Amino acid sequence: MKVLVLGSGQLAQMMYLAAAPLGVEVKAVDVTDNSIVNPIDKQLYDHDLAIAIDDADAITVEFEHIPEPLLDLVHQSGKLYPNIQAILTGADRVREKQLLDAKGVANCQHIVIREHAQIAEVIPTLGERVIFKSSRDGYDGYGQWRMSSASDLEELEVIFAGLDLAKLPLIAEKMVAFDREISVIGARDKNGHVRLFDIAENLHYQGQLHVSIAPATDVSELIKQKAEDIFTSIAEGLEYVGVLAVELFQTGEELLVNEIAPRVHNSGHWTQDGAETCQFEQHIRAVLDFPLGSTTTYSVTAMVNIIGCTSFSRDLIAIEGCNLHWYGKTLRDKRKMGHINVVADSYQALASKLDTLMACLPSEYFPMLPGEIKRLKAIV
Ligand code: AMP
């Protein structure tokens, strides 16, 4: 069987690798020119988009910001999973907030700013600590502006003066003093069955995910239940098919949804080495209407992103339980180049493997690791 992925980056590459053992071929669409490429070596196939659509059993996406003409075309084929509404919701923070509010799912207090005059409402409504987020095309902290006190607003207003807010609204969101960031990732199949992976705990630096630990430490039954309820409300609300990621802020026993991603997600990469079925295979299974796989966790896992860096010791793969996943991309500042999954029998064993790993890595590119190793060592 064949799956066509819109987008030809590392997520399409990892879908290809996970699908091959099932006898499923994955091809990718380079959305910059609609050419059809092999997701691993990016070699061009000699057929065009129309033939690839015709040839595919299912079509999916590796990111939500797909040019609308392409998305519409693929939608008309009747083979697109998740559906177009789900993808458009994940691509637009205004739609996303509307869905969450309609489903009664707790999210950060916010205002949708569609005209400049509304900026005056921000401080009276949300206070002085606010994040402004572009409603579309933002990712990894791009398209975001932080206000820490009222005195920042003047400078921000100069930036916002250049934006067409009627066309591209801003979301002003109250800054949340959360305890930690977690994500719940799972799949929903065409019959509405849902299977969730264990919750991952996510460490960000300058708006980018650097490290995930799964299963997250200290997850109460209540939090597990709340995360599952949130996931199910969103997935059912969108009539979702495929893998869906929900990023959450946890404060005590409360959860607020930060963001939803209608696709496989960086904080789910740990499943490649730590879970019985990885998120990429699970997604392929869901979109092709195969039975979903077991999501049981094999091992405590750390996923460490390699960001903007190629200069590390390849000897790291000699560390037991340490697996390198390299994307083969050209180096750019802050670009995700690959990730390392480290599996262990306990959090303490994981901490000591991460210690050994640290010796193979240039520390300036891995600012979150030392603190995390210390935290994991202290877990009894
Ligand atoms: P996002 O692109 O919305 O996921 O934001 C990137 C990162 O910025 C998140 O992972 C958080 O670390 C931080 N962030 C986003 N929104 C908020 C908020 N309302 N309060 C505090 N931190 C936030």
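Not measured: the values here are computed from a predicted model.

Asker: Just give me the short version of the pairing of strand β15 (residues 300-307), but keep the residues and values in it.
Answerer: Within β15, eight of the eight residues are buried, leaving the element largely enclosed by the surrounding structure. Taken together, the four bridges between strand β12 (residues 208-214) and β15 define a ladder with antiparallel strand orientation. Its bridge partner lying in β15, Val211 is registered against Val304. Note: β15 against strand β17 (residues 336-344), eight bridges, orientation antiparallel. Bridging across to β17, Met303 finds its partner in Asn341.

Asker: Lay out the packing of aromatic side chains in plain terms, naming residues and giving numbers.
Answerer: Within a pair of aromatic rings, the relevant descriptors are the distance that separates the centres and the angle that separates the planes. Under the counting rule described, the total for this entry stands at five aromatic pairs. Ring centres 4.4 Å apart and planes at 15° place the aromatic pair Phe178 and Phe249 in the stacked group. With Phe178 in the loop between β8 (170-174) and β9 (180-188) and Phe249 in strand β13 (residues 242-251), this residue pair connects regions lying 71 residues apart in the sequence. Using a relative accessible area of 8% as the deciding quantity, one classes Phe249 as buried.

Asker: How would you summarise the pattern of salt bridges if you had to cite specific residues and measurements?
Answerer: All chains considered together, the criterion is met by 13 salt bridges. Lys133 serves as the salt-bridge partner of Glu173, at 3.0 Å between the closest nitrogen and oxygen. Of the two residues, Glu173 is situated in strand β8 and Lys133 in strand β6 (residues 130-134); the sequence distance between them amounts to 40 residues. Each member of the pair, Glu173 as well as Lys133, carries the same accessibility label: buried. Between Glu254 and Lys226 there is a salt bridge whose closest N-O contact spans 3.6 Å. One end of the pair, Glu254, is in strand β14 (residues 254-261); the other, Lys226, is in helix α8 (residues 221-237), and 28 residues separate them in sequence. Here the residues in one salt-bridge network are Arg180, Glu201, Glu372 and Arg375, joined through shared partners.

What counts and what doesn't
- Residues numbered from 1 in each chain as written.
- Predicted model: local features only at pLDDT ≥ 70, side-chain atom pairs only at ≥ 80, totals over all residues.
- Heavy atoms only, no water.
- Buried < 20%, exposed > 50% of the residue type's maximum accessible area, 1.4 Å probe, protein only.
- Helix = DSSP H or I, 4+ residues; strand = E, 2+ residues; numbered from the N terminus.
- Pairing = 2+ DSSP bridges.
- Phe/Tyr/Trp six-rings, centres within 6.5 Å; stacked < 30°, edge-to-face > 60°.
- Salt bridge = Lys/Arg side-chain N within 4 Å of Asp/Glu carboxyl O.

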